[in-house]
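Coordinate inspection notes
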Amino acid sequence: MTSLLIRGGTVVNADRAFVADVLTQDGKIVAVGENLTAPPGATVVDAGGQYVMPGGIDPHTHMQLPFMGTTTMDDFFTGTAAGMAGGNTTIIDFVIPNPQQPLMEAYTTWREWAEKSASDYSFHVAITWWDETVKRDMGTLVQQEGVNSFKHFMAYKNAIMCDDETLVNSFKRALELGAMPTVHAENGELVYLLQAEVAKMGISGPEGHPLSRPPMVEAEAANRAIAIADVLNVPIYVVHVSCMEAADAIARARARGQRVYGEVLAGHLVLDDSVYRHPDFATAAAHVMSPPFRPVGHQEALWRGLQSGNLHTTATDHCTFCAAQKAAGKDNFAKIPNGTGGVEERLAVIWDAGVNTGRLTPSEFVAITSANTAKLFNIYPQKGSVSVGADADLVVWDPAGTKTLSAKTQHSKGDFNIFEGRTVKGIPSHTISQGELVFVQGDLRAVRGKGRYIKRPAFSSNFTAAALRAEALKPTAVKR
Ligand code: URQ
Ligand code: ZN
Ligand code: ZN
């Protein structure tokens, strides 16, 4: 039996913080309380002066993703290992079928790739095309494979973009199944046209990237996806909300009582679009991701969205390409593989910029880095909570510890760090995954293949109620 006692810390859950010891046995939390006794042979961690929080859950990563003619630098082992070095203990990644590829075939491929994961993982499945077999496979994925979320890329025309017909059919199917539709909200037709327009202006460098994807390109798609979800009466989760216009669209819908949820990337909270005007191509290209980092002002709107409860989770969209890969777009910014890293840095960046500045309490930090994701994707309190019966996925957080973030010291296989040079105060001293110490004072002890696939049950009650309400609201035939 593997026992671990975390002694003398302050436990922080999304609802409250309190002084307590935490005892885990065989990968589960078995006791949370004061003055717990360590069973014989138990490992004891001194958490004095530190916080004991649920391990981070990153709901948006792309490990080993084939994209834009290449494949990301981090695979499921290196990416999850890097996450654990930063206090992250679960990722929700993406199965992204090619158009016309059977969903179950893509799902099987990604499951095989993820076998090497060091920490627990789960999958959203992207809907990149539509026919009756897609509808059938969505049912199989929900009812047999524990998938309860389906992603829709409204951008990336001529690749994985889905049109309104696919959005409508898939959202409706998600409601039937009790699954959450999620969207990458950018109008791919506008992006395609603007990329050509910017190129015609003679702009080929990375500074062209944000010019081809202004905030309104995101806001239009967010509003459209929210409206479709409203008409169909299905909840919706908007990934990487990057601008005030999209955040406002979510806030307006929520004010009308619509179930809309928003995700924010750590990068969008602290970086701005000046990165694209860096004179060095490699540096500017390293920041090319979509939606782009925005002009100063949008960052504060995102923080306020998190503080107000109109935005709910944080993620990284960890999708790392090295300089040689990014150089594919040397003469045409539209060819620069889109993606940046962050799975190791998310918690420390958000603690430093959020809690240390007073924007967030420690409990709000736990909510937006772990608990809310667990709740929205139906794995709470197995994940996202320091409570008896929950998985022993924990991070011991040293609020006085400091670190300067750098590609030189990161564990990701990427060769760039979008937080390069940022000194943060508040870092993990210990990460515990499945009750095992996997990161101790800088020593990463990730084990290849130790991670488990986490099934996420379909929602039943609230979705069913929504479906019933939609039925009840159907206009009855006028009796003449
Ligand atoms: O769009 C995404 O989320 C994937 C393809 C990662 N790349 C990115 O730029 N966000
Ligand atoms: Zn995206
Ligand atoms: Zn993504």
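Residues numbered from 1 in each chain as written. Chains lettered and ligands numbered in written order. Predicted model: local features only at pLDDT ≥ 70, side-chain atom pairs only at ≥ 80, totals over all residues. Heavy atoms only, no water.

So, on to the coordination of the zinc ion (ligand 2). The zinc ion (ligand 2) binds to the protein through His184 (ND1) and His240 (NE2), with metal-donor distances spanning 2.1 Å. For the zinc ion (ligand 2), the 4 donor atoms in the first shell make angles of 57 to 145 degrees at the metal, a pattern classed as irregular. In this structure, the zinc ion (ligand 2) lies 3.6 Å from the zinc ion (ligand 3). Remark: His240 occurs in the loop between β15 (236-238) and α8 (244-255) and His184 occurs in strand β14 (residues 180-184); sequence separation between them is 56 residues. With respect to class, His184 is no different from His240; both count as buried. (Donors = N, O, S within 2.8 Å, 3.2 Å for Na, K, Ca; no water. Tetrahedral: all angles 85-135°; square planar, octahedral: opposite > 155°, others 65-115°. Helix = DSSP H or I, 4+ residues; strand = E, 2+ residues; numbered from the N terminus. Buried < 20%, exposed > 50% of the residue type's maximum accessible area, 1.4 Å probe, protein only.)

Now for the state of the cysteines. Within this structure, the stated rule accounts for 0 disulfides. Here Cys162 stays free of any disulfide, with the sulfur of Cys319 as its closest cysteine sulfur at 18 Å. We classify Cys162 as buried; its relative accessible area is 5%. No disulfide involves Cys243; its sulfur sits 19 Å from that of Cys162, the nearest cysteine. (Disulfide = S-S within 2.5 Å.)

Here the structure, examined in full by the defined rule, presents 20 salt bridges. Measuring nitrogen to oxygen at the nearest pair gives 2.7 Å for the salt bridge that ties Asp391 to Lys28. Of this pair, Asp391 sits in the loop between α14 (362-376) and β18 (394-404) while Lys28 sits in strand β5 (residues 28-33), and the two are 363 residues apart along the sequence. For Asp391, a relative accessible area of 2% puts it in the buried group. Put simply, Lys28, Asp120, Lys383, Asp391, Asp393 and Arg452 are held in one network by salt bridges that share partners. (Salt bridge = Lys/Arg side-chain N within 4 Å of Asp/Glu carboxyl O.)

Worth remembering: the numbers are spatial, not functional.
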